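Per-entry structural report
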Amino acid sequence: MCWVKSENERPCLEFSHLSIKDSFRDLFIPRIEIILMMYTRNNLNCAKPLFEHNNSLNVNFNTQKKTVWLIHGYRPMGSIPSWLQNFVSILLNEEDMNVIVVDWNRGATTFIYDRAVKNTRKVAVSLSGHIKNLLKHGASLDNFHFIGMSLGAHISGFVGKIFNGQLGRITGLDPAGPKFSRKPPYRRLDYTDAKFVDVIHSNSHGIKFIKCNHERAVHLFMASLETNCNFISFPCHSYKDYKTSLCVDCDSFKEKSCPWLGYQAKLFKDVLKERIKGGPVRTTVFLDTSGIYPFCTYYFILSITVPDKTVMDGFFSFKLLNQLGMIEEARFYKKNKPLCKLQEIKILAQFYNDFANISSIGLTYFQSSNMECSTCTYKIQSLMLKSLTYPERPPLCRYNIVLKEKEEVFLYPNACTPKKT
């Protein structure tokens, strides 16, 4: 028995290999070409055309499954996006789906940024034609998830506008700012372009649905798929309010805690819709990450209740110690609010390590400089520590604590006592 390769079988598609020379050529002979590279679990390492020569749909495409469209952005050097193949693999490992890479490198590779911007509209119109063809074969707009980077985010938005916001989801990863920021909705990605739109922005300019540091929106989204990190984020009016622990109430999200960044943001679609009834039509959330892969951080909320007038004007710091002897001091963004006239303070704290088995809490109280009292004692009625990153973990409590200024006390918490009704 021998195996003969069919003469009709096409070779694997490859992403357009361009270089800086192509950007020079584009100065005189502008070109645009769009190639749709389809991947499924049946052809994970070999991209196939979405449609055959006779316009029939590729046999590997399943119209009943989710389809993710990956769209790159501006490529002045013409290089292949370094994250592309890994992104495809991660998506297909997460879920049995169709993945379509939109290669518009000829159109994005140019020294003239304005030309690439104009080409985004042309790409969107071209994609809409292919989508209409898919719909004829039984595909559903609701199953389409567009993930666009830079200019690709706005291409996704333009496609969404063509279909009157009926796409299932659009994820914008660092949407391009120049020529789009502060423009009206019809000229950029907008929250009305799909049934669910989530955006990760790694700087403070342009669209700000989600803000994070280190300018790594693509890699954060990928990390949300290939790691066990819950990239929890906090709905807030401003980053300043977020830094001062004014936005730590996740109870309104029920058992899910606050929204997660990345692929799993879809889990919060319904609760976010519920929150915007009668209120703002979009939710802005904030988070910080670590500086190295996989960028995880772990958030806790420390709630401290004090009797009236016992604590005048000061702030707390604390550290955690686990059963393995690991110790880490909490990171705060600013000193937590003074306790004057407050009976309860909530402190948002961030750790780089996951403290799953906490053995003790190191707590220190600092009085303001003009009211120092080395012999004074300060009473705490109750203390509760709760993980926001893993809300399923039960909170830990201590009651009736006495502190002295600047003297660290290690507390050994227990399960919280249910409040009397």
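Reading the values: rules and limits
Residues numbered from 1 in each chain as written. Predicted model: local features only at pLDDT ≥ 70, side-chain atom pairs only at ≥ 80, totals over all residues. Heavy atoms only, no water. UniProt positions renumbered as here; feature names shortened; annotations may be inferred. Helix = DSSP H or I, 4+ residues; strand = E, 2+ residues; numbered from the N terminus. Contact = heavy atoms within 4.5 Å. Core = buried A, V, L, I, M, F, W, Y, C linked by side-chain atoms within 4.5 Å. Buried < 20%, exposed > 50% of the residue type's maximum accessible area, 1.4 Å probe, protein only. Domains from an automatic or database assignment. Phe/Tyr/Trp six-rings, centres within 6.5 Å; stacked < 30°, edge-to-face > 60°. Disulfide = S-S within 2.5 Å. Polar contact = N/O pair within 3.5 Å; in protein donor to acceptor, adjacent residues only side chain to side chain.

As recorded in an unreviewed UniProt entry, the chain goes by the name Lipase I, listed as coming from Cercocebus atys. On record in UniProt, under Subcellular location (unreviewed entry), the comment for the chain is "Secreted". The annotation that UniProt attaches to the chain under Sequence similarities (unreviewed entry) is "Belongs to the AB hydrolase superfamily. Lipase family."

1. So, the UniProt feature "active site" (unreviewed entry) in the chain
UniProt annotation of "active site" (unreviewed entry) refers to S150, D174 and H214 when read in the numbering used here. If you trace the backbone, S150 turns up in the loop between β5 (144-149) and α5 (151-162). When neighbours within four sequence positions are excluded, S150 is seen to be in contact with G73, Y74, L173, D174, P175 and A176.

2. With respect to the side chain of S233
Along the chain, S233 turns up in the loop between α6 (217-226) and β9 (234-235). When residues no more than four places from it in sequence are discounted, the contact partners of S233 are C258, P259, W260, L261, V285, F286 and L287.

3. As for the nonpolar core
In terms of nonpolar packing, the biggest core is built from 55 residues, with L70, F87, L91, L173 and F234 touching the most fellow members. Those elements that provide at least two residues to this core are β1 (35-39), β3 (67-71), α2 (84-94), β4 (98-103), β5, α6, α8 (269-275) and β11 (298-305). For this core, the leading source of residues is α6, giving 7 residues. Counting only domains with at least three residues in this core, you end up with domain 1 (20-226) and domain 2 (300-415). Discounting chain neighbours no more than four positions away, the residues touching L91 are V68, L70, M97, V99, L225 and Y263. In terms of nonpolar packing, the next biggest core, distinct from the first, is built from 38 residues, I100, A139, I155 and A194 among them.

4. Some points on the packing of aromatic side chains
If you walk through the whole model with that rule in mind, you get 21 aromatic pairs. A centroid spacing of 5.3 Å and a plane angle of 20° characterise the contact between F315 and F366, whose relative ring orientation is stacked. Of this pair, F315 sits in strand β12 (residues 314-322) while F366 sits in strand β15 (residues 358-367), and the two are 51 residues apart along the sequence. Consider the rings of F316 and Y365, whose centres lie 5.2 Å apart with planes at 50°: the pair is tilted.

5. Focus on the state of the cysteines
If you walk through the whole model with that rule in mind, you get 4 disulfides. Between the sulfur atoms of C12 and its disulfide mate C46 the distance is 1.8 Å. Torsion about the S-S bond of the C12 and C46 cystine: about -110°, corresponding to left-handed handedness. One end of the pair, C12, is in the segment before α1 (20-26); the other, C46, is in the loop between β1 and β2 (48-49), with 34 residues separating them in the sequence. Its relative accessible area of 39% is what places C12 among the partly exposed residues. Its relative accessible area of 16% is what places C46 among the buried residues. At a sulfur-sulfur separation of 1.9 Å, the disulfide partner of C397 is C416.

6. Points about the environment of D96
Take D96: it is sitting in the loop between α2 and β4. A relative accessible area of 34% means that D96 is categorised as partly exposed. Sequence separation of D96 and K65 is 31 residues, and the distance between their C-alpha atoms is 7.5 Å. Among the polar contacts made by the side chain of D96, one reaches the side chain of K65 at a distance of 2.6 Å.

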